[in-house]
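Examination of the molecular architecture
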Amino acid sequence: MKKSSMFVGLDVHKLSIEIAIAEAGRDGEVRSYGGIEGTLDALDKVVRKLVSKGCDLRFVYEAGPCGYDVYRHLTAQGYDCVVVAPSKIPRQSGNRIKNDRRDAQMLARLHRAGELTAVYVPCIEDEAMRDLTRAREDAKALERKAKQLILAFLLRHGHRYSGKSPWSRAHFRWISILKMPHPAQQIVLQESLDTLAECTSRVDRLTEQIQMLSTQWRLFPVIQALQTLRGVSLIVATTTIAEIGDLTRFEGPTELMSYLGLVPSEHSSGRSTRRGSITKTGNGHVRRVLVEAAWAYRLPARVSRKLLIRQEGMSQEVCAISWKAQLRLCARYKRFIAKGKSHQLVVTAIARELCAFMWAIAQEVQGSRV
């Protein structure tokens, strides 16, 4: 005899978990079970009580700062569990009351109705590489902030660099010979330079770790293949795969574009069609690196020496996709600029199509390994 389903909504927080239960059936009761401590042991006690009722348990909770520990713990025991995107949960516009109990009941009810959108949960290895790439991204942001503070400090005291390339060797030599009018200001400058040096060293260390650990990753063949594309370095390729995971899980490139928030927004009704800026939904980390990579296509199509080195050992099919991407994207960049489009808008459009070529390469690499 088939077991009836019981839908369990979990509102997970740092120190507590609020639980609600929705009985199977359209008119089934939705009730609050109560709150427990935010530990897996406390959750196990509740699960054992619910299992004793002889129902098929289906758990759901929102993605948040608590990560995927609850998901992995429940799925390891054989229970059905999904993590849903908070931004895609249907909400009543007139509802002005929000608390943990209501949130848990809402999750249980919507999960029973099939109205929730599950997010992709990475495996432990994929999440570890994602943490590594994000750590480098944070270190890079701190390095950029340290440079801004130094330039602002020097400008405030009348020092302007006349050279062409800031932060070059010549620029650092110019800073080293500067003498501030007060000893306290000289100390501030030196401490700022030491902070910048530490941030730069941290970026280099994390980059080295990415280079070393990515070779041991199961998705390294895809990372290698993606680097055959112009503008897609090791950092861009690793960040993309670490954030998205298996690119072949998308049915087509359009779905990937939408996932990354690179498609135009739209507000159409009847005969009126209005399209605006990109939606910027989904993963902003990948969207940022793709836009940076897209700037490489502002120049004429050619296989440079660095790109030729990255393409060594790759299949002819993958290299053909890379060259096709160059021919198309470089031509599109030139054509859009000739029409008077802004450079940032054109680069965003190029980034949207670049992820489609990434999807095609992933299909080629992983399809050949099956």
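In this report, the structure presented in the accompanying data block is examined. Every chain's residues receive numbers from 1 upward, in the order its sequence appears when written. Local features in this predicted model are restricted to residues of pLDDT 70 or higher, and side-chain atom pairs are both shown and tallied only at a pLDDT of 80 or more, whereas totals for entire chains, interfaces and linings draw on every residue. Only hydrogens and water are removed before side-chain values are computed, so all heavy atoms of the structure are retained for them.

A short note on the environment of arginine 274
The test is simple: A run of H or I in DSSP counts as a helix once it spans at least four residues, and a run of E counts as a strand once it spans at least two, with each numbered from the N terminus. To sort residues, take the accessible area from a 1.4 Å probe on protein chains only and compare it with the maximum for the residue type: under 20% means buried, over 50% means exposed, and anything in between is partly exposed.
Locating arginine 274 in the fold gives a position in the loop between strand E6 (264-266) and strand E7 (275-278). Taking relative accessible area as the criterion, arginine 274 reaches 57% and is therefore assigned exposed.

A few points about the packing of helix H4 (residues 124-156) against helix H8 (residues 234-244)
To keep it simple, the criterion reads: Axis definition: a line fit to C-alpha positions, over the contact stretch in the case of helices; interaxial angles, taken between N-to-C directions, run 0 to 180 degrees. Any angle between 65 and 115 degrees counts as roughly perpendicular, while under 35 counts as roughly parallel, over 145 as roughly antiparallel, and the rest as oblique. By definition, turning the near helix anticlockwise from the far helix through less than a right angle yields a left-handed crossing, and turning it clockwise yields a right-handed one. Throughout, a residue-residue contact means that at least one pair of heavy atoms, one from each residue, lies within 4.5 Å. Side-chain classes follow a simple rule in which Ala, Val, Leu, Ile, Met, Phe, Trp, Tyr, Cys and Pro form the nonpolar group, Asp, Glu, Lys and Arg form the charged group, and the remainder, Gly included, forms the polar group.
Two numbers describe how H4 lies on H8: the axes approach to 8 Å, and their chain directions differ by 135°. Comparing the axis directions of H4 and H8 gives the class oblique. Here H4 and H8 pass one another in a crossing that is left-handed. Of the residues in H8, those in contact with Asp126, Met129, Arg130, Thr133, Arg134 and Arg136 of H4 are Ile235, Thr238, Thr239, Ala242 and Glu243. Classifying every residue of the contact of H4 with H8 gives three nonpolar, three polar and five charged.

Some points on H4
Quick reminder of the rule: Expected helix span is computed as 1.5 Å times (number of residues minus one).
Between the first and last C-alpha of H4 there are 48 Å, a value that for 33 residues agrees with the 48 Å anticipated at 1.5 Å per step. Looking one or two residues beyond H4, the residue adopting positive phi is glycine 158, at roughly 85°.

Notes on the nonpolar core
Note the threshold: Nonpolar cores are built from buried Ala, Val, Leu, Ile, Met, Phe, Trp, Tyr and Cys residues. Side-chain atoms within 4.5 Å join them into one set.
Leu229 and Leu290 are the most contacted members of the largest nonpolar core, which totals 58 residues. Elements that contribute at least two residues to this core include exactly H4, helix H6 (183-214), helix H7 (220-226), H8, helix H9 (253-259), helix H10 (284-294), helix H12 (316-338) and helix H13 (343-369). Broken down by element, this core gets its largest block of residues, 14 residues, from H13. Not counting chain neighbours up to four residues away, the residues in contact with leucine 290 comprise Thr240, Leu260, Leu262, Ala351, Leu354, Cys355 and Met358. Of all hydrophobic cores here, the second largest spans 23 residues; its members include Ile17, Ile19, Leu74 and Cys81.

A few points about the pattern of salt bridges
The test is simple: Salt bridge, as used here: a side-chain nitrogen of Lys or Arg that lies within 4 Å of a carboxyl oxygen of Asp or Glu.
Tallied over the full model, the rule gives 15 salt bridges. Note that aspartate 103 is salt-bridged to lysine 98, the shortest N-O span being 2.7 Å. Take lysine 98: its relative accessible area is 63%, and that puts it in the exposed class. Between glutamate 198 and arginine 205 there is a salt bridge, with the nearest N and O atoms lying 3.4 Å from each other. Look at arginine 205 and you get partly exposed, because its relative accessible area is 43%.

Comments concerning the packing of H8 against H10
Where H8 meets H10, the closest approach of the two axes is 9 Å, and the angle between their N-to-C directions is 155°. By the angle between their axes, H8 is roughly antiparallel relative to H10. Crossing angle aside, the handedness with which H8 passes H10 is left-handed. Of the residues in H10, those in contact with Val236, Thr239, Thr240, Glu243 and Ile244 of H8 are His285, Val286, Val289, Leu290 and Ala293. Class assignment of the residues belonging to the contact of H8 with H10 gives a composition of six nonpolar, three polar and one charged.

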